[in-house]
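Now for the letters of each chain:
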Amino acid sequence: MAQFDEEKRMWYGRYRPSIFNPRANLGQVLINVLERTPEKVAQVNVDTGTEVSCKQLRRRSVRFAKYLANCGCVHGEVVALVARNSCHVPAVTFGCFLAGITVNTLDPSFELPEIEHMLRLTRPKVIVCDFDRLPVIRTACERIGLQVGKYGLLLLLECGKRLPTDCFSVDELVSAGEATEQNQLSEEDSYIPPYWGESTRLTAAIVCSSGTTGLPKAVRVSHSQLITMHGRISQLDHNDTILCFSTLYWISGFQMLLTGTLNGIRRLITAKPPSAAYTIELCKRYQVTVLLTTPSLATDVVQSLPETARLESVKVFIVGGSVVPLALRKSLNRHALVEGRGRCLVAYGLSETGGGVSYEIEPREQSVGALLSGCAAKIISDDGVPQGADINGELLIRPPYPFLGYHGDEAATRQALDDEGFVRTGDVACFDRNGFLYIVDRKRDILKYGGYQITPSILEATISELPGVRHVAVVGIPDPDRPFDDLATALIVRHGHMSPALTEEMVIKHCMEQNGGEQSRCECYRLRGGVRFVDCLPMTENGKVIRSLARKLAITTGYGSV
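What you are looking at is a predicted structure, and each value in this text was computed from that prediction instead of being measured.

A. Layout of the pattern of salt bridges. Applying the stated criterion across every chain yields a total of 25 salt bridges. Glu6 is the partner of Arg9 in a salt bridge, and the nearest nitrogen-oxygen pair spans 2.3 Å. Close ionic contact of Arg285 with Glu281 constitutes a salt bridge, the shortest N to O distance being 2.3 Å. Taken together, the residues span about one helical turn, with Arg285 and Glu281 both in helix α10 (residues 276-286) at a distance of four residues.

B. Region of interest: the nonpolar core. Counting 116 residues, the largest nonpolar core has Leu68, Val128, Leu311, Phe317 and Leu395 as the members making the most contacts within it. The element contributing the most residues to this core is helix α3 (residues 89-99), with eight residues. Once residues lying within four places of it in the same chain are set aside, the contact partners of Phe317 are Leu291, Thr293, Ala298, Val301, Leu311, Leu332, Leu337, Arg343, Cys344 and Leu345. Among the nonpolar cores identified, the runner-up in size contains 30 residues, and Val475, Leu491, Ile508 and Ala550 belong to it.

C. Expanded view of the confidence of the model for the protein chain. Per-residue confidence for the protein chain averages 88 on the pLDDT scale, and 92% of its residues sit at or above 70. Overall, residues 517-521 carries pLDDT values under 50, and its contacts beyond four positions in sequence, including any with other chains, amount to four contacts.

D. Up close: the packing of helix α1 (residues 26-36) against helix α2 (residues 54-70). Relative to each other, α1 and α2 sit at 150 degrees, their axes nearing to 8 Å. Here α1 and α2 pass one another in a crossing that is left-handed. Facing α1, whose interface residues are Ile31, Leu34 and Glu35, α2 presents Cys54, Leu57, Arg58 and Val62. Of the residues belonging to the contact of α1 with α2, the class tally is five nonpolar, no polar and two charged.

E. The sheet that holds strand β9 (residues 168-169), seen in detail. Taken together, the seven strands give an open sheet; going across it, the order is β9-β8-β7-β5-β6-β10-β11, and neighbouring strands pair in mixed fashion. Looking at which strands have only one partner, the edges of the open sheet turn out to be β9 and β11 (218-222). Taken together, the three bridges between strand β7 (residues 126-129) and strand β8 (residues 153-155) define a ladder with parallel strand orientation. The partner of Val128 across the bridge, within β8, is Leu154. Sheet strands in contact with α3 are β5 (78-82), β6 (102-106), β7 and β10 (203-208), and its direction is about 165 degrees off that of β5.

F. Region of the structure containing the packing of aromatic side chains. Applying the stated criterion across every chain, the model contains nine aromatic pairs. Between Phe110 and Tyr249 the ring centres are 5.3 Å apart and the planes differ by 75 degrees, which places this aromatic pair in the edge-to-face class. With Phe110 in the loop between β6 and α4 (112-122) and Tyr249 in the loop between β12 (241-244) and α9 (251-262), the pair connects residues that are 139 residues apart, well separated along the chain. In this pair, the class of Phe110 matches that of Tyr249, namely buried. The rings of Phe4, Trp11 and Phe431 are connected pair by pair, giving a single aromatic cluster. Across from the ring centre of Tyr406, 5.2 Å away, lies the NZ or CZ of Lys217, which sits over that ring. It is Arg494 that lies over the ring of Phe533; its NZ or CZ is 3.9 Å from the centre.

G. Seen up close, the sheet that holds strand β15 (residues 316-319). Ordered by their spatial adjacency, nine strands build an open sheet running β4-β3-β13-β12-β14-β15-β16-β17-β18, and the pairing between neighbours is mixed. The sheet is open, and its two edges are formed by β4 (50-53) and β18 (370-371), each paired on a single side. Both strand β16 (residues 343-350) and strand β17 (residues 355-359) contribute to a ladder of four bridges, which runs antiparallel. Within β17, the position partnered with Gly349 by the bridge is Gly356. Those strands touched by α10 are β3 (41-45), β12, β13 (266-269) and β14 (290-293), and its axis lies near 170 degrees from that of β12. With respect to the sheet, helix α12 (residues 326-336) is in contact with β15 and β16, its orientation differing from that of β16 by roughly 140 degrees.

H. Molecular detail of α12. Among all positions in α12, only Leu326, Leu328, Arg329, Leu332 and Ala336 are buried. Where α12 is buried, its residues touch α11 (295-304), β15 and β16.

I. Looking closely at the side chain of Ser169. Along the chain, Ser169 falls in strand β9. Reaching out from Ser169, the side chain makes a polar contact with the backbone nitrogen of Asp171 at a distance of 3.3 Å. Here the side chain of Ser169 touches Glu172 through a polar contact of 3.1 Å, landing on its backbone nitrogen.

J. Focus on the side chain of Thr261. Following the sequence through the fold, Thr261 ends up in helix α9. Overall, the relative accessible area of 9% leaves Thr261 in the buried class. The residues contacting Thr261, other than those within four sequence positions of it, are Leu30, Val33, Leu34 and Phe94.

Procedures and definitions
Residues numbered from 1 in each chain as written. Predicted model: local features only at pLDDT ≥ 70, side-chain atom pairs only at ≥ 80, totals over all residues. Heavy atoms only, no water. Salt bridge = Lys/Arg side-chain N within 4 Å of Asp/Glu carboxyl O. Helix = DSSP H or I, 4+ residues; strand = E, 2+ residues; numbered from the N terminus. Core = buried A, V, L, I, M, F, W, Y, C linked by side-chain atoms within 4.5 Å. Buried < 20%, exposed > 50% of the residue type's maximum accessible area, 1.4 Å probe, protein only. Contact = heavy atoms within 4.5 Å. pLDDT = per-residue confidence, 0-100. Axes fitted to C-alpha atoms, helices over the stretch in contact; angles between N-to-C directions. Left-handed = near helix turned anticlockwise from the far one by under 90°. Nonpolar A, V, L, I, M, F, W, Y, C, P; charged D, E, K, R; others polar. Pairing = 2+ DSSP bridges. Phe/Tyr/Trp six-rings, centres within 6.5 Å; stacked < 30°, edge-to-face > 60°. Lys NZ or Arg CZ within 6 Å of the ring centre and 35° of its normal. Polar contact = N/O pair within 3.5 Å; in protein donor to acceptor, adjacent residues only side chain to side chain.

Below you can see the structure in the form of C-alpha cells.
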C-alpha cells in the first residue's frame, strides 16, 4: 500500500530494489539473461508452430545490431517498426537496444495520416514493416521527403512475394547460417554489448500514445524505465506461459515481451486479431498461465465460456487499458477461473511512465492496487491543490525514472509535467486511507449536466451488470436547448443469444434505480440522451473505445429525450 506524506501531500510506493540494474543499458541485461538458458524456448508463433530458443533470439538480435551498424546507423538514430507480432519482431527490437538505436513502434493498422504524422516526427533511418504495409509507408515517405533507399526499408515477412530491389528480408538477414551452426559457436556468441551511456536519459523506444482522441504523440521511454518495471516480478514460474495479443505499438506489448524474456518464460505470439474463442482455444492448447487482455476482450471471454467451463491453467488474468468494472472482476473470478488457482488482477499504467505504476497484488474490490516501488503520486483539485485520502481529483505520477518527454513536441512535454516532475495522467482518481489507488475515469471523458459532473464509467459499470450487455460506452451528446450541458447517452452492443430481452426502457430504469440514493445524484445520472443499440463500438486494435468516434455515432443515430 502507498504511504502518505501529510506535509508534502504526496503518496509513495514502498521501496523495493529492482532485480535488474536500471543503470545498465537494456541490451546488456537482455544478452546476459538470454545466455543463461540457451536451449529454453523463448517464443512460440502459434500461427506457424515455429519455436525460437533463447540462443536463437540472442544470435538474431546481435545480427540485426551488426546490420544496423553496417547500414551506417549510429547511436541515437531511429528505426521505425510497423509490424504485427511475428517471429523476428523481438530480434529487431533487441538488436536496436544493442546498437544504441531507438525503436519507434507504430500500430500496423495505422492508415496514411497516422503513419505520415509519426514518420514526420521521428525521421527514422530504417523502416521495418510487414509486406502489406509497404505501399502506404512509401506514400508517407514521399509526402514528407523521407529518403527510403537501399538501407532505408526492410520487410519482416516476404509472404511468398518477390521483394523490391530496395528491400531486404529480415528473415534471411537474421536467420542466415542457422542450419549449419546449430551445434557450434557462431561469431555472434562472443559479442559484448556496448555501453551507450546513462540509461535514465537514454531513449530505448518511442511508443505512441493511444490515439483515442486524435493523432498520437511520440512518447520517449528510457532504458531505465523498461528495466525497472520488472523488479516487481516474484511469483512467476519458469514453466509459465504468457499470452498477450498486444503488438509493440502498445506499452503492454513491451511489458509482456520483457516480462517473458527477463524471467525466462515462454511467450505465445500471433498475428491474428484477438477474439474470445481464439483466446480460450490458445489457453487450453498451450496451458497459458499468464493472460493479459483489455476489459472488452475479458468480457467476451467470460460470456463465451460454457456454463461449467473454466480457464483451468490460468493463474493470473491481468486486465488493463481502461476502467475495469467490478462486475467484470467478479465474473472472471467466479465463472472463468478456477477458485484457489487463478484470479483476476487489475493493473494501471501509462506509456509516459514506461508501463505499470500500480498492481492489485493484494485483492481489493474496485482498486487498481498499490503504487509500485519508487513511484510517487498526487491527487490534485481543479485549482491544483493536493488532496488527501478519499477525495477525487486528477492523478499525477512521478515514476522512479523521469519521463523523457514527447519526441518533437516540447510544448506538449511542458504541459504534461508539473514543476516537481510529476506526469499529468488526465485520469480522475483517489487513494483510500489504506493507500490503495482507485481510478474513476478519464478527466476529458467527464460529462456535465446542470452543474453536476457525470462519470461515464459509473454508468458503464451499472449497465454492464445487466444480462445481455456485451460492450457499453457512455458518451455525451450536445443538448440543443442547453449548449453547455451533455446528454448522457449509452451505446450498447448486445450479446447475441440474449439480445431480444434487453430494451432501452430496461437500461434506463436500471440506471435510475442503481444510481438513486440522493435525489440530485439520481437526476444527474439519468440517460438523458437515451440508449443506442449498435452492432459494434469503434475501438482501437487493442480494444479501447475511441470516444470521439463513439460520440459521433451517438449523434448520427439520433437524439433521445428521457
